[in-house]
Amino acid sequence: MPMNGNAKSTRPATQILGTVEQEKGMQMRFKWLGSITSMLVAAGAALGQTPAPVSWNTAVGHVAGQLPAPGDVPAGTAYAPSPILNLPAPTPAGAYADGGGERLAPTDNVKHNEYASGSDANVWFSTEYLLWWIKPGRLPAVAGSISNADAQAGTVGNITNIYGGSSNNVDYHEQSGLRFSTGFWLDECRTLGVDANFFQLEHKVQGTTINSPGAPVIGPVFNDPVAARQTIVLASVPTFTTGPFAFAQRSATIGIQSNNRLWGAEANGRYQLGALFFMDRMDLIAGFRHLYFGEGFDITTNSTALPGNTGPNVFVADHFGVRTQFYGGQVGLASHGQAGRLSFDSTFKFAIGDIHEVVDVNGSTTIGDRITGQTTFPGGILTQPTNIGHSTKDRFGILPELTLTVGYQVAPHVRATAGYNFLYLSNVVRAGDQIDGVDGRQVRGLAGFDPTVRAAQPATPFFSDRFYAQGLNFGLEFSY
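Every residue gets a number counted from 1 within its own chain, in the order that chain's sequence is written. Side-chain atom pairs in this predicted model are given and counted only at pLDDT of 80 or more, local residue features only at pLDDT of at least 70, and totals for whole chains, interfaces and linings cover all residues. The basis for every side-chain value is the complete set of heavy atoms in the structure, and neither hydrogens nor water enter the calculation.

Remarks on the sheet that holds strand β9 (residues 217-224)
Now for step 1: Pairing between two strands is assigned when DSSP locates at least 2 bridges connecting them. By the criteria applied, helices consist of DSSP H or I runs no shorter than four residues and strands consist of E runs no shorter than two, each listed in order from the N terminus. The strand order across the open sheet formed by four strands is β5-β4-β9-β10, and the pairing between neighbours is antiparallel. Of all strands in the sheet, those bounded by a partner on one side alone are β5 (160-163) and β10 (229-232). Shown here is a sheet whose adjacent strand axes are inclined to one another by a mean of 45°, direction ignored.
Now for step 2: Here three bridges tie strand β4 (residues 143-146) to β5, and the two strands are oriented antiparallel to one another. Across the sheet, the residue bridging to S145 is T160, located in β5. Between N-to-C directions, angles span 0 to 180 degrees; the directions come from axes that are lines fitted to C-alpha atoms, helices contributing only their stretch in contact.

Digging into the pairing of strand β18 (residues 464-479)
Now for step 1: Relative to β18, strand β3 (residues 123-134) is paired through 11 bridges, and the arrangement is antiparallel. Bridged to L131 within β18 is L472.
Now for step 2: Both strand β17 (residues 414-429) and β18 contribute to a ladder of 14 bridges, which runs antiparallel. Paired with T417 across the two strands is G475, which belongs to β18.

Looking at the side chain of H336
Now for step 1: For H336, the position within the fold is in strand β13 (residues 313-339).
Now for step 2: According to the relative accessible area criterion, H336 is buried, its value standing at 1%.
Now for step 3: Among the polar contacts listed, one links the side chain of H336 to the side chain of D345, at a separation of 2.8 Å. Accessibility here uses a 1.4 Å probe with only protein chains present; expressed as a share of the type maximum, an area under 20% marks a residue as buried, one over 50% as exposed, and anything in between as partly exposed. Under this definition, polar contacts are N or O atom pairs within 3.5 Å; protein pairs additionally need one hydrogen-donor-capable and one acceptor-capable atom, and for neighbouring residues in sequence, both atoms have to be side-chain atoms.

Brief notes about unusual backbone geometry
Most peptide bonds adopt trans geometry, and most residues besides glycine take a negative phi value.
Now for step 1: Backbone torsion omega between A215 and P216 reads 5°, so that peptide bond is classified as cis.
Now for step 2: Its location among the elements puts P216 in the loop between β8 (204-212) and β9.
Now for step 3: Cis geometry is found at the peptide bond from Q457 to P458, where omega equals 15°.
Now for step 4: Positive phi is not limited to glycine here, since A228 has a value of about 60°.
Now for step 5: Structurally, A228 is set in the loop between β9 and β10.
Now for step 6: With a phi angle near 55°, F462 is a residue other than glycine that sits in the positive phi range.
Now for step 7: By the secondary structure assignment, F462 is in the loop between β17 and β18.

As for the pairing of strand β14 (residues 342-369)
Now for step 1: Two elements, β13 and β14, share 27 bridges in a ladder whose sense is antiparallel. Paired with Q338 across the bridge in β14 is S343.
Now for step 2: Bridge count for β14 against strand β16 (residues 389-411) is 20 bridges, and the pairing is antiparallel. Considered in β16, the bridge of D360 is made with H390.
Now for step 3: Bridge count between β14 and strand β15 (residues 373-378): six bridges; the pairing is antiparallel. Residue pairing in the sheet places I367 in a bridge with T375 of β15.

Describing the nonpolar core
Nonpolar side chains in soluble globular proteins tend to be buried together.
Now for step 1: We call a set of buried Ala, Val, Leu, Ile, Met, Phe, Trp, Tyr and Cys residues a nonpolar core when their side-chain atoms join them within 4.5 Å. Counting 47 residues, the largest nonpolar core has V142, I256, L262 and F297 as the members making the most contacts within it.
Now for step 2: Counting residues in each nonpolar core, the second largest holds nine residues, with A141, I146, A151 and I232 among its members.

The structure is reproduced here in structure tokens:
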């Protein structure tokens, strides 16, 4: 049958239903594919998001209830105080916090301090002002006085000691000085090192000048072993009209002077033992030590004839010079402790070795004036041909030394120090100890003078004594 434009399809119903079912199946498949695609996109987005917060302290540990220091919590983690773990917060590597909360660079020392100080540095140098005292020396009576009556009668009488004797030891009091020290470590771990120092006290001079226009009667005195008494040589004489010194008036000046010099040097190797007892470090010291002590004693007597006296002028000089030199090896311990800016150092050294002693004695007597001429004779009053000369002696000795120092770090690499020092030497020759008794028959100016006498005294006793020096030190130390 022919069809027109408005005619409906003539397909069977089963065919139409089959077509509708096929279309529904295709729509369902597209929906499942869309769902799977949406799930994949959602999963990718989820993987790109920040994960859920993790409690940092439950994995690492922190003081319960306290907030961590800035920078202690790793990025991307959250902090939640733990009621169970009560551990200190970890300190990030490469930083140490001191009491003031500052961040400090770590070192390989036991104490981590923002300042390099003393032996905690690789190199150090210090300069110190010393205020020390040395042991006073002995000196017999060397100048005295007698009464005018005894002088006029020509008798010794009672001699009043003016200088020397048991109540007038040679005391130099305080002496200033300087000490320079330096050192450095040879390895990165500061196990092996070297150091050296040098010190010197000022050349101290002390003494007195005694003058007399004639009265009182003064003069040098000495002990006469032959006469078994103390004797005086009259250097000043008043105007007497009678007696053995009639019209022999004289004025006199007696000059007495003592001086000393002390210095020393040493060089050591160091070996770090580590932290011992309450100190942060302990070093073993071994090295070489030298110490020098010299002393001199001089007494001069100038006796001038006054108008009316036709006698000559007389000038007498006596000199005693000694020196002691120590050479030896030493061992010791040096400790260092640090507490913030404060530091505490102690050093004990013990040296043994050779003590070389030298005694030089010289003297002269000059008689005359510019008109009649002058004549000089060997020997004074305390010095005679029997003891004039150069003598030496060597003996075994010990030299211990203790140094205690407190320091304060005033700036990075700069430390101010103050401390105490004690030094001891077992044998030292002193100038006053070398003055011996004098046979009066050798002394010009005495009535019993006899140049032909072969006397045994004075001799060189070479007496030695123990010696010490102690005092305070104040300095600055620079370290890097």
